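The primary structure of each chain is shown beneath.
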Amino acid sequence: MDLKADVAVVGAGAAGLSLALRLARPPSGAGPLDTVLLAAPPGPARAAPRTWCFWEPDDGPYDEALAASWQWLRVRGADGTSVTTAIAPLRYKMLRSDAFEALVGRRVAASGRVSRVEAAVDQVAPVPGGGALVHARRADGGSVAVRARWVFDSRPLSRLPPARTTLLQHFRGWFVRTGRPVFDSSVVELMDFRTPQPAHGLSFGYVLPVGPHEALVEYTEFSRRVLSRAGYDRVLRDYAERVLGLAGYEVTACEQGVIPMTDADFVRQTAPGVFRIGACSGATRPSTGYTFSAVQRQTSAVAAALHTGRYPLPPRPHSTRARLIDAVLLHALDTGRVDGPAFFTRLFGRVPAPRLLRFLDGRTSLPEDLAIGAHLPVAAMLASALALPLAPRRSLPAA
């Protein structure tokens, strides 16, 4: 199968689907762009279903597909003290990848401007005269070739760019159902530090209640190495039963993942007309692991450039100032200069939640950043800032 298009979008994760949707719905006065979305067929090349969480006001573009949303967040210190805070006018939103894919599929099909092809991409090669040729293979073994003027690749990297600090945010979650109502469905347990802490980094429990009987209960760790599946299940069971006091519960599904948190500098263009978008272009916020909101900002800018005839180089997902703050914080957590549980508990206890969430999303002004900085452990952060330039950069396999 040989196809020609204005735009080829490689990968149907958050970034690929978001860009395809924006290209399917051009603004008034913009000419349509012939777009091909290449999605991996069922099998090892396709990512497992996963959950994305983010915060934004009510009436977001994907609200009809949300699993749940909340206006209250809770952070618990290692000693059990808690901070519960309202985040209005924002809501913390939970979106399952399969629901998002179905929503985008319906909207894209209705537009008639995007062709979806299920094929695993093997190679993206620039061609003389501009553009690139995307080589892919269908599940039945048949080949697909797409020639496009612009190619946006969202596939995960096989190796991370060199970085001074890389911590892994690794997690395993259980979707649990209980016989009696035990969950407060109005509040997210965002960070519960009543978990065993690793030698480097931090760990916490995370509870997303979707009703009084059901929740996603997750163990998350920021550290240098992942655990075995048995290791995750052991700490999850301890958290669910000893800390949360759950009994007689049923595990209905599981999810597990690894997110690199790194101060690496990600490449956004790999060849003329070939770009990276999403996590492989640095959309993951290094200090938190959140990615979805940055993907929306980046793909919105790319689509706007394409629709107005401008050069569509994806913007950096996070500002220089935000990346510098994250690099210092990652180094401080990795070296142990900063006590992670105390650090985050203090921030949520002293900074108004909407402002703190905008800070974590990289959307605060310099004066706001300075005001938040007054609540940070200044000596530890300064020591890390001075030591950071001396740390060697190393390239690691992507998780």
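Our structure is the block above this text.
Throughout what follows, the structure given in this document is the object of discussion. In this text, all values refer to a predicted model and were calculated from it rather than measured experimentally.

A separate point is the sheet that holds strand S5 (residues 72–76). Pairing within the open sheet is mixed, and its seven strands lie in the order S6-S5-S13-S14-S15-S12-S16. Each edge of the open sheet is held by one strand with a lone partner, namely strand S6 (82–86) and strand S16 (249–262). Each strand axis lies, on average, 15° off the axis of its neighbour in the sheet, ignoring direction. Pairing analysis gives 13 bridges linking strand S12 (residues 166–178) to S16, with the strands arranged antiparallel. Its bridge partner being in S16, Thr 166 is matched across the sheet by Thr 262. Each of S12, strand S13 (187–192), strand S14 (202–209), strand S15 (214–223) and S16 touches helix H3 (residues 229–243); the most contacted strand, S12, lies at about 55° to it.

With that out of the way, let us pick up the side chain of Arg 172. The residue Arg 172 is located in strand S12 in this model. Taking the relative accessible area as the measure of exposure, Arg 172 reaches 5% and is therefore buried. A polar atom in the side chain of Arg 172 sits 2.8 Å from the side chain of Asp 233. A distance of 2.8 Å separates the side chain of Arg 172 from the side chain of Gln 256, its partner in a polar contact. Those residues within four positions of Arg 172 in sequence are excluded, and the remaining contacts are Val 217, Glu 218, Tyr 219, Arg 229, Tyr 232, Asp 233, Leu 236, Cys 254, Glu 255 and Gln 256.

The next point concerns helix H5 (residues 320–335). A rise of 1.5 Å per residue sets the reference length of H5, with its 16 residues, at 22 Å; its end C-alpha atoms lie 23 Å apart and thus fit the reference within 8%. Within the sequence span of H5, burial applies to Ala 322, Asp 326, Ala 327, Val 328, Leu 329, Leu 330, His 331, Ala 332, Leu 333 and Asp 334. Contacts from the buried residues of H5 go to S12, S14, S16, helix H6 (340–350) and helix H9 (378–387). Within two residues after H5, Gly 336 carries a phi angle of roughly 85°, on the positive side.

As a further point, take the environment of Ala 279. Looking at where Ala 279 falls in the secondary structure, it is placed in the loop between strand S18 (274–276) and helix H4 (292–307). On the basis of relative accessibility, which here comes to 44%, the residue Ala 279 falls in the partly exposed class. Not counting residues within four places of it along the chain, the set of residues in contact with Ala 279 comprises Phe 266 and Thr 284.

Turning our eyes to something else, we now look at the pairing of S13. Most of S13 is tucked away, with six of its six residues classed as buried. Direction of pairing for S5 relative to S13: parallel, over a ladder of five bridges. Its bridge partner being in S13, Arg 74 is matched across the sheet by Glu 189.

Right, let's talk about the state of the cysteines for a bit. Two cysteines joined by a covalent bond between their sulfur atoms form a disulfide. All chains considered together, the criterion is met by zero disulfides. Between Cys 53, a free cysteine, and Cys 254, which holds the nearest cysteine sulfur, the sulfur-to-sulfur gap is 17 Å. Exposure remark for Cys 53: the relative accessible area of 10% places this residue in the buried category. Assessed through its relative accessible area of 40%, Cys 254 is described here as partly exposed.

Calculation rules
- Residues numbered from 1 in each chain as written.
- Predicted model: local features only at pLDDT ≥ 70, side-chain atom pairs only at ≥ 80, totals over all residues.
- Heavy atoms only, no water.
- Pairing = 2+ DSSP bridges.
- Helix = DSSP H or I, 4+ residues; strand = E, 2+ residues; numbered from the N terminus.
- Axes fitted to C-alpha atoms, helices over the stretch in contact; angles between N-to-C directions.
- Contact = heavy atoms within 4.5 Å.
- Buried < 20%, exposed > 50% of the residue type's maximum accessible area, 1.4 Å probe, protein only.
- Polar contact = N/O pair within 3.5 Å; in protein donor to acceptor, adjacent residues only side chain to side chain.
- Expected span 1.5 Å × (residues − 1).
- Disulfide = S-S within 2.5 Å.

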